[in-house]
Amino acid sequence: MDAKEFAAAYGEAFGPAAGLPLLFWYSEEPVRAVPKVEGCFFKALAEAREGLPVSLNAGNIGCGGGKFYTGFAPIPPFVPTFVSQKEHYKQTPEMVLEFIGRLGVPEASGAWLNFARVDTPQAAEAFGAADGMLFFATPDVLSGLVSWAVYDNNADAAVCAPFGSGCSAVVTQAVQENRRGGRSVFLALFDPSVRPWVDASALGFVAPMSRLREMCGTMRASCLFGTHAWNKVRDRINKGNI
């Protein structure tokens, strides 16, 4: 399945109201560099969701954590204390360091990190070698995505909801999982710091390409096509009667 086929099948399964996901990958040249993004770089992804690719690197990511979790820079010394004593996301700086140590943030495999909606020409070109795909999902859409992800995977870690910033839960986790050929997918965007840049009704669903390639082969066999229960949910996603 290529990017065009994926976009068509996904649109058929979920309907137009669900929107299309973003493909992300590293490259040596930018697809479309954007001005420096102060604070959370997820605010720039609104353009990607509208069909304009976004390319990020150490120069235009303004957040130190964002540079770190995307593999462009070492961890800033202030991060453990900031996450613990300023943001209050972990009880102690030591807990932050423990989390980061277990996470094992991989280095960027290219000079730029690109995000593009899956129906764009840039995504079509990068589809086969991408690192992962980010879905912005309402509860009903998330229901379908999770049901699809567990259709052929009985592992307890088939769907994970790890702690982490928006960038770590999306990019770091997917890149790691993809590089080891893993089969887990991730729920994301629970971090309060990223929430202002995400629709109030949406969470993230992240599939590494190592897993998405398998899922592409099961989409039509799963509940997303031709089942009574999903058809009712799909109608509601698209404002039909249920």
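Everything here concerns the structure above.
First, a word on scope: everything that follows refers to the structure included in this document. Computed from a predicted model, the values in this text were never measured in an experiment.

**Re helix α8 (residues 166-179)**
- In this model, α8 (14 residues) spans 20 Å end to end at C-alpha, consistent with the 20 Å of a helix rising 1.5 Å per residue.
- Extensive coverage of α8 is indicated by the burial of 13 of its 14 residues.
- Immediately downstream of α8, the backbone of Gly181 shows phi near 70 degrees, a positive value.

**A closer look at the sheet that holds strand β5 (residues 159-160)**
- Strands sit in the order β2-β3-β1-β4-β7-β6-β5 across an open sheet of seven strands; the sheet is mixed. Of all strands in the sheet, those with a lone pairing partner are β2 (54-56) and β5, marking the two edges.
- Here strand β1 (residues 22-27) pairs with strand β4 (residues 132-137) via three bridges, running antiparallel. What sits directly across from Leu23, in β4, is Met133.

**Overview of the packing of aromatic side chains**
- Under the criterion given, the structure shown has 14 aromatic pairs.
- Seen in terms of ring centroids, Phe6 and Trp148 are 6.5 Å apart; in terms of plane orientation they differ by 25 degrees. Their pairing is stacked. With Phe6 in helix α1 (residues 3-14) and Trp148 in helix α7 (residues 139-149), the pair connects residues that are 142 residues apart, well separated along the chain.
- For Trp148, a relative accessible area of 0% puts it in the buried group.
- Following the ring pairs from residue to residue traces out a cluster consisting of Phe6, Tyr10, Phe14, Phe127, Phe135, Trp148, Phe205 and Trp230.
- Sitting over the face of the ring of Phe163, Lys90 holds its NZ or CZ atom 4.5 Å from the ring centroid.

**Topic: the side chain of Ser84**
- Positionally, Ser84 belongs in helix α4 (residues 79-86).
- With relative accessibility at 3%, the residue Ser84 sits in the buried group.
- A polar atom in the side chain of Ser84 sits 3.4 Å from the backbone nitrogen of Thr92.
- With residues near it in sequence (within four places) discarded, Ser84 still touches Tyr89, Lys90, Gln91, Thr92, Pro93 and Val96.

**Here's the deal with the pattern of salt bridges**
- What the rule picks out here adds up to eleven salt bridges.
- The closest approach of N and O atoms between Arg236 and Asp140, which form a salt bridge, is 2.8 Å. Residue Arg236 is located in helix α10 (residues 228-237), and its partner Asp140 is located in helix α7; the two are separated by 96 residues in the primary sequence.
- Residue Asp140 is classed as buried on the basis of its relative accessible area, which comes to 18%.
- In this structure, a network of salt bridges that share partners links the residues Asp152, Arg183, Arg211 and Glu214.

What counts, and where the lines are drawn
Residues numbered from 1 in each chain as written. Predicted model: local features only at pLDDT ≥ 70, side-chain atom pairs only at ≥ 80, totals over all residues. Heavy atoms only, no water. Helix = DSSP H or I, 4+ residues; strand = E, 2+ residues; numbered from the N terminus. Expected span 1.5 Å × (residues − 1). Buried < 20%, exposed > 50% of the residue type's maximum accessible area, 1.4 Å probe, protein only. Pairing = 2+ DSSP bridges. Phe/Tyr/Trp six-rings, centres within 6.5 Å; stacked < 30°, edge-to-face > 60°. Lys NZ or Arg CZ within 6 Å of the ring centre and 35° of its normal. Polar contact = N/O pair within 3.5 Å; in protein donor to acceptor, adjacent residues only side chain to side chain. Contact = heavy atoms within 4.5 Å. Salt bridge = Lys/Arg side-chain N within 4 Å of Asp/Glu carboxyl O.

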